[in-house]
Each structure stands twice: as C-alpha cells, then as structure tokens.
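If you want the building blocks of each chain, they are given just below.
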Amino acid sequence: MAVDASTAQPVRLAPIKLAIVGVGKIARDQHLPAIAADPRFELVAAVSRNATVEGVANYHDIGELLAAGHELDAVSICTPPVGRATIAMAAIDAGLHVMLEKPPAATLSEIARIEAHAAAAGRTLFATWHSREAAGVAAARAWLAERTIERVTIDWREDIRRWHPGQDWILEAGGFGVFDPGINALSIATEIVRGAWVVDSADLRVPEGRMSPLAADLRMTCGDVPATAAFDFLHEGPQQWDIVVDTDAGPLTLRMGGSVLEIDGQVTEAPDAEYPRLYAKFAELVRAGASDVDVTPLRLVADAFLVGRREIVPAFAW
Ligand code: NAP
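The notes below deal with the structure included here. (Residues numbered from 1 in each chain as written. Predicted model: local features only at pLDDT ≥ 70, side-chain atom pairs only at ≥ 80, totals over all residues. Heavy atoms only, no water.)

## Some points on the sheet that holds strand β11 (residues 215–222)
Here's step 1: The strand order across the open sheet built from nine strands is β16-β15-β14-β13-β9-β12-β11-β10-β17, with neighbouring strands paired in mixed fashion. Edge positions in the sheet fall to β16 (266–269) and β17 (309–313), since each of these pairs with one other strand and no more. Neighbour-to-neighbour, the strand axes of the sheet open up by a mean angle of 10°, direction not taken into account.
Here's step 2: Pairing of strand β13 (residues 240–247) with strand β14 (residues 250–255) involves five bridges; the strand directions are antiparallel. From the neighbouring strand, isoleucine 243 faces β14, where its bridge partner is leucine 254.
Here's step 3: Contacts from helix α7 (residues 179–192) reach β9 (149–157), β10 (197–207), β11, β12 (225–232), β13 and β14 within the one sheet, and its direction differs from that of β9 by about 160°.
Here's step 4: On top of the sheet, helix α9 (residues 296–307) reaches β10, β11 and β17; it is set at about 65° to β10, its chief contact. (Pairing = 2+ DSSP bridges. Helix = DSSP H or I, 4+ residues; strand = E, 2+ residues; numbered from the N terminus. Axes fitted to C-alpha atoms, helices over the stretch in contact; angles between N-to-C directions. Contact = heavy atoms within 4.5 Å.)

## Focus on the site of the ligand
Here's step 1: The full set close to the ligand counts 22 residues, and Ser48, Arg49, Asn50, Arg84 and Asp180 are the nearest of them.
Here's step 2: A distance of 2.9 Å separates an oxygen atom of the ligand from a polar side-chain atom of lysine 102.
Here's step 3: Calculation on the ligand without its partners gives an accessible area of 870 Å², and the protein chains cover 80% of this total.
Here's step 4: Among the residues making up the shell around the ligand, the classes are represented as nine nonpolar, seven polar and six charged. (Near = heavy atom within 4 Å. Polar contact = N/O pair within 3.5 Å; in protein donor to acceptor, adjacent residues only side chain to side chain. Areas by Shrake-Rupley, 256 points an atom, 1.4 Å probe, with all protein chains shown as cover. Nonpolar A, V, L, I, M, F, W, Y, C, P; charged D, E, K, R; others polar.)

## Observations concerning the environment of proline 33
Here's step 1: Relative to the elements of secondary structure, proline 33 occurs in helix α1 (residues 25–36).
Here's step 2: Classification of proline 33 as partly exposed rests on a relative accessible area of 43%.
Here's step 3: A C-alpha to C-alpha distance of 8.6 Å links proline 33 and proline 276, two positions 243 residues apart in sequence.
Here's step 4: Leave out the neighbours within four places in its chain, and proline 33 touches Ala27 and Arg28. (Buried < 20%, exposed > 50% of the residue type's maximum accessible area, 1.4 Å probe, protein only.)

## Considerations on the packing of α7 against α9
Here's step 1: Orientation of α7 relative to α9, taken along the N-to-C sense of each, is 125°, at an axis distance of 8 Å. Between α7 and α9, the angle falls in the class oblique. At the point where α7 passes α9, the crossing takes the right-handed sense. Within the contact between the two elements, α7 uses Phe179, Ile183, Leu186, Ser187 and Thr190 and α9 uses Thr296, Pro297, Leu298, Leu300, Val301, Ala304 and Phe305.
Here's step 2: Split by residue class, the contact of α7 with α9 holds nine nonpolar, three polar and no charged. (Parallel < 35°, antiparallel > 145°, perpendicular 65-115°, else oblique. Left-handed = near helix turned anticlockwise from the far one by under 90°.)

## A few points about the packing of aromatic side chains
Geometry of an aromatic ring pair is reported as the spacing of the ring centres plus the angle between the planes.
Here's step 1: Summed over all chains, the structure comprises seven aromatic pairs.
Here's step 2: Ring geometry for tryptophan 163 against tryptophan 241: centres 5.6 Å apart, planes inclined by 75°, an arrangement best described as edge-to-face. One end of the pair, tryptophan 163, is in helix α6 (residues 160–163); the other, tryptophan 241, is in strand β13, with 78 residues separating them in the sequence.
Here's step 3: A relative accessible area of 28% places tryptophan 163 in the partly exposed class. (Phe/Tyr/Trp six-rings, centres within 6.5 Å; stacked < 30°, edge-to-face > 60°.)

Here it is as structure tokens:
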C-alpha cells in the first residue's frame with residue numbers, strides 16, 4: 001500500500017477500473033475470481049460475442065466498449081491469440097493499460113508492435129505467463145542458480161478433449177495447437193534455466209485437415225545445456241506436466257505444471273495462486289508506470305514452427 005509522505009499513513013489508492021475481453025474458459029475459471037478477490041481492481045465491463053458477466057456492463061466487441069464512455073483504466077484480454085493484437089492496439093489508443101493472456105499475440109511482430117505502441121503511449125503492457133507463477137517455480141529457479149545444469153527434459157502430455165473441449169481455434173492457423181499448453185512449459189523452463197535458448201530441430205505432427213500440430217518434439221540447447229520437450233495433446237492416461245532438470249547436485253523435478261517441486265526426494269507443494277499473483281503484478285506495474293514483456297517462450301514456439309519437420313497424421317475429431 002502507498003504511504004502519504006506528510007502523515008506517514010497508508011493511503012488507499014482508488015481501484016483500477018478494468019474491463020475483461022473474451023469471456024471463455026480461462027476468464028471464467030481464473031480471471032473473474034482473481035479480479036473479484038483483489039480490492040485493487042474494480043470490474044466495470046466485459047466483452048464477448050456470446051457470453052455475459054453478471055453485474056457489469058456487457059458489450060459484443062472492443063469498439064462498442066470504448067464507445068460506451070465508461071471511466072476505465074485497463075483491459076485484460078483473454079481471447080485466443082489471433083485477433084488479440086487488434087484489441088490491444090484499440091485499447092492502448094483509448095489510453096488504457098493492457099494485460100495479455102499467454103501467448104501474448106499470434107506472432108512476434110504483433111507483440112513487438114503492441115509493445116512499441118504501449119511504450120509510445122506511456123501505458124502499461126503486461127504479457128503474462130501464468131505458469132511462471134506456479135508454486136514451485138521461484139524456489140526451483142533459486143535452487144538451480146547455485147548448481148551446474150546438465151540437461152532439461154520437458155514432458156507435457158494432456159488430453160485436448162478434456163481440457164479444451166470444442167476449442168476448434170486451437171487447431172486453426174495461429175491457434176498454436178499443442179503449443180497452447182506447451183508454451184507454458186517453455187515459459188517455466190526459460191524462467192528457471194536462464195540463458196540463450198535455441199531450438200535446434202523439431203518434429204510437428206499435424207492432423208489432416210487442420211493447421212496446427214497435435215504433438216511436437218523439440219530438441220533445444222540453452223548455452224551448452226541440451227534440452228528436449230515432448231508435447232502431446234492426445235494423452236489419455238494420467239496427465240503429465242513435468243520438467244526435470246539434471247544438475248551436478250542431482251535432479252530437480254517440477255510436476256503438475258510447476259506446482260509441485262521435488263528435490264532430493266523432498267516434495268514441496270502449495271495451493272494454486274497463479275492468477276491472483278498475475279493481477280497483483282499488473283496492479284504494481286500500473287502503479288509504477290512500468291511494463292513487463294518477455295517474448296522468449298513465444299520465440300521458441302515460432303522457431304519450432306520455422307525449423308520443424310511436419311508430418312500429417314490422421315484427422316482429429318472431438
Ligand atoms: P475459450 O474458452 O475458447 O475462450 C475464448 C474467448 O475469446 C471466448 O469468450 C470467445 O468467444 C472469445 N473470442 C473472441 N474471438 C474469438 C475467436 N476468433 N475464436 C474463438 N473465441 C473467440 O478459450 P480459453 O481456454 O479461455 O483460452 C483463451 C486464452 O487463454 C488462450 O490464449 C489460452 O492459451 C489462454 N489460457 C487458457 C487456459 C485454459 O486452461 N483454458 C489456461 C491459461 C491460459 P465469444 O466472444 O464468442 O464469447
């Protein structure tokens with residue numbers, strides 16, 4: 001909380017007046033509860049072509065929202081990556097701070113343009129990576145900073161039918177396919193193992209009639225450390241979101257998307273607080289007049305698409 005310099009008393013700042021754009025699964029599961037629980041935000045409006053949010057003004061598109069003349073400070077954009085840049089640019093043009101779901105845009109050039117636009121307008125841009133806020137990630141990073149890293153192994157296998165039912169956009173061009181969850185693994189790996197990450201080669205398996213892969217294998221290096229990632233969207237057994245980092249002091253394992261940390265047989269886990277942490281960070285960035293945009297995970301995905309060998313696999317149906 002800010003402090004009044006003349007009285008040394010805490011000052012309660014006015015809440016950030018926020019609109020949410022894209023009222024789908026992640027907005028309902030995570031964003032709306034996190035916003036409701038955070039007194040630093042006041043949800044004023046929602047934008048969705050089909051859905052509505054109770055208790056606030058609802059609009060069909062960003063243009064309608066901006067024309068309605070609400071007193072607004074910021075938008076949180078939760079639509080799929082294609083089309084997000086147009087929404088972000090319109091919001092910045094209207095003088096709003098912007099928080100972006102991951103991945104920050106459909107392409108690297110889009111996010112570069114949004115970033116430059118926000119900087120020129122003096123607005124905060126926060127390109128979020130929710131998995132970096134998972135309970136074990138900060139401790140993993142701190143432990144690894146003191147060790148020599150020998151290898152990174154990512155296994156990210158989940159069932160698209162269970163976690164993304166009916167989300168056809170994921171398999172369209174620009175939908176990222178299995179990289180929609182896979183980029184979360186890359187966001188954690190590049191956070192806990194710092195350095196120059198490069199995709200050396202990749203195999204992408206694209207179902208017939210779709211545009212984005214349902215499975216991918218990446219071979220990477222971070223400096224001279226080898227790293228592999230296996231991403232699978234048709235995995236029906238126990239779901240797996242694991243990263244193992246082999247070091248000179250033995251392996252470190254992050255399971256369950258970064259929420260469970262295992263070192264030397266010692267397991268640490270804590271309740272999920274990814275989205276409350278993201279909103280706390282966004283509030284801090286807005287108050288500080290700062291931005292936070294790291295495109296590293298998006299660049300690795302883009303490079304996998306650039307160097308990847310594509311194989312067409314049998315058609316996918318929900
Ligand atoms: P979703 O359930 O399909 O919701 C997407 C929302 O965006 C809906 O409100 C949707 O439709 C709106 N939208 C606007 N333009 C759209 C278009 N051209 N195609 C489809 N929908 C469009 O997706 P989601 O799972 O919430 O994912 C949204 C973003 O959050 C993605 O970038 C994803 O990577 C990220 N994310 C998802 C999860 C997860 O577990 N699902 C977790 C973390 C992050 P209407 O306008 O019709 O309402």
